[in-house]
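# Understanding the architecture of this molecule
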Amino acid sequence: MKLSCKKIQLLMIEAHHGAALSPQEESALKNHLAVCPSCRAFQQDLVRLFEEIEADTVPPLDDGTALEIREAVLRSLPPGEASPPLPDRLRGIIRNGPWRPLFVPALTGVCGIVLGFFITAAWLQHRPLRTEVARRAVPSTALVRQASLFQESPPPLEVLEDYVDVPDIYDSLDDTAMQAAISQWADEFPEVFQEGSFNGTG
Amino acid sequence: MGDKREKRLVRLARRGDREAVTQLMIRYEKEIFGYIYRMTRNAEDAKDLTQDVFIKVFKNIAGFKGNSSFRTWLYRIATHHTLNFLTRRPPSGSEQALGSLPDPSPSSRDVLESKEVSRHLTRAVTRLPNRQRSILILRAYEGLTYTEIAGVLGCSVGNCKAAYHNAIVNLREILKDEAIL
């Protein structure tokens, strides 16, 4: 690779500043310097020149002068602006934040969760209770002993089944629910609840 | 100063935070003073120009869009302001007097020679055209890369390299004329 004197001198300057030369450039530089006295002289002068440049110092900026400069600059500035009000700051953060692309999907997700919570709560509030289900399902011909007799121990289901067609739904009722159902039957069908109708022996 | 910390300070300075302005000045005041001193070779001029540059920077910081680093932007303002100053009015006493020369006794011969060379170098640098002087100082003294210098001067990297080479060649010629090299 043959380079002009100007390019060779540029390479020498860059090499002085620490630039890495490619093998081709190094070879071209070496070959050129072997045959060009002008560039050889330039190389020697360059070394001396940069030594002088590195030795060329600046008078230090003393602390007092530096403080004067800072005070003068601060005096010249207008009073600091108050922080913008929160909605503006928030708007700024939303517009300019690095997480801006995620903001809308995240907000949609949060709104969906909150809405789902309220819908679920409303549904749970209005769901019919088991006793209500039991009440509606009471057969009009149920023959069950007065609920007061069963306050503490309602008859087992298999006993009841000897007297009435107990709907399957009552299989799943626990003792408390069964007691509540029997109480309601007693209120609604007092004629059914006659002492002695059920002797408890099955 | 880390890049992130500097960006944070610049953001705060744009909102008028005086502490951020002070921190940025502490970070760059010596560097900018040194650069302007080398351009003008006069300490009083350098002090006044440094103050002017920082006033200009922080009054117009709202216009700093962050396309380049804050340092590059700062140097850009410092360079243009100093070149305007040099164009309008040559620096008063463009060379600092080195004080009385010591006795040329054998033991201080090296000191004398060093001071002579330094004075010649100073004079030679001030004899360069303003733009070449600026590029020489930014590259050889301040250590800016060609990309940064291109950002400061608003020219291409190739032009910066060519101008720097011309500055070195001219400086060498001036020093050879004065029999320093």
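Residues numbered from 1 in each chain as written. Chains lettered and ligands numbered in written order. Predicted model: local features only at pLDDT ≥ 70, side-chain atom pairs only at ≥ 80, totals over all residues. Heavy atoms only, no water.

So, on to the overall build of chain A. Counting its regular elements, chain A contains nine helices and zero strands. In sequence order, chain A lays out its α and β elements as α-α-α-α-α-α-α-α-α. Within chain A, buried positions represent 28% of all 202 residues. Expressed as a percentage of contacts within chain A between residues at least 6 apart in sequence, the contacts between residues at least 24 apart total 66%. A total accessible area of about 13,700 Å² is found for chain A, and carbon and sulfur atoms account for 57% of it. (Helix = DSSP H or I, 4+ residues; strand = E, 2+ residues; numbered from the N terminus. Buried < 20%, exposed > 50% of the residue type's maximum accessible area, 1.4 Å probe, protein only. Contact = heavy atoms within 4.5 Å. Areas by Shrake-Rupley, 256 points an atom, 1.4 Å probe, with all protein chains shown as cover.)

What follows deals with the confidence of the model for chain B. Residues and elements named next belong to chain B. Mean pLDDT over chain B works out to 84, with 84% of the residues at or above the 70 mark. Confidence over residues 93–107 falls short of pLDDT 50; this stretch has 18 contacts with residues more than four positions distant or in other chains. For this predicted complex, the interface confidence comes out at an ipTM of 0.80, alongside a pTM of 0.62. (pLDDT = per-residue confidence, 0-100.)

In this assembly, 40 residues from chain B lie in contact with 36 residues from chain A. With both chains or domains summed, chain B and chain A bury close to 3,600 Å², and 66% of this area falls on carbon and sulfur atoms. In terms of surface lost to chain A, no three residues of chain B exceed B:Arg18, B:His165 and B:Arg172, which account for 18% of the buried area on that side. Run the count over chain B and chain A and you get six salt bridges. Among the ionic pairs, B:Lys47 bridges to A:Glu68, the shortest N-O distance being 3.1 Å. In this structure, the connection of chain B to chain A is made through 14 residue pairs in polar contact (both at pLDDT 80 or more). Secondary structure elements with two or more residues in the side of chain B that touches chain A: α2 (18–40), α3 (43–59), α5 (109–127), α6 (130–141) and α8 (157–177) of chain B. (Buried area = accessible area lost by both parts, 1.4 Å probe. Salt bridge = Lys/Arg side-chain N within 4 Å of Asp/Glu carboxyl O. Polar contact = N/O pair within 3.5 Å; in protein donor to acceptor, adjacent residues only side chain to side chain.)

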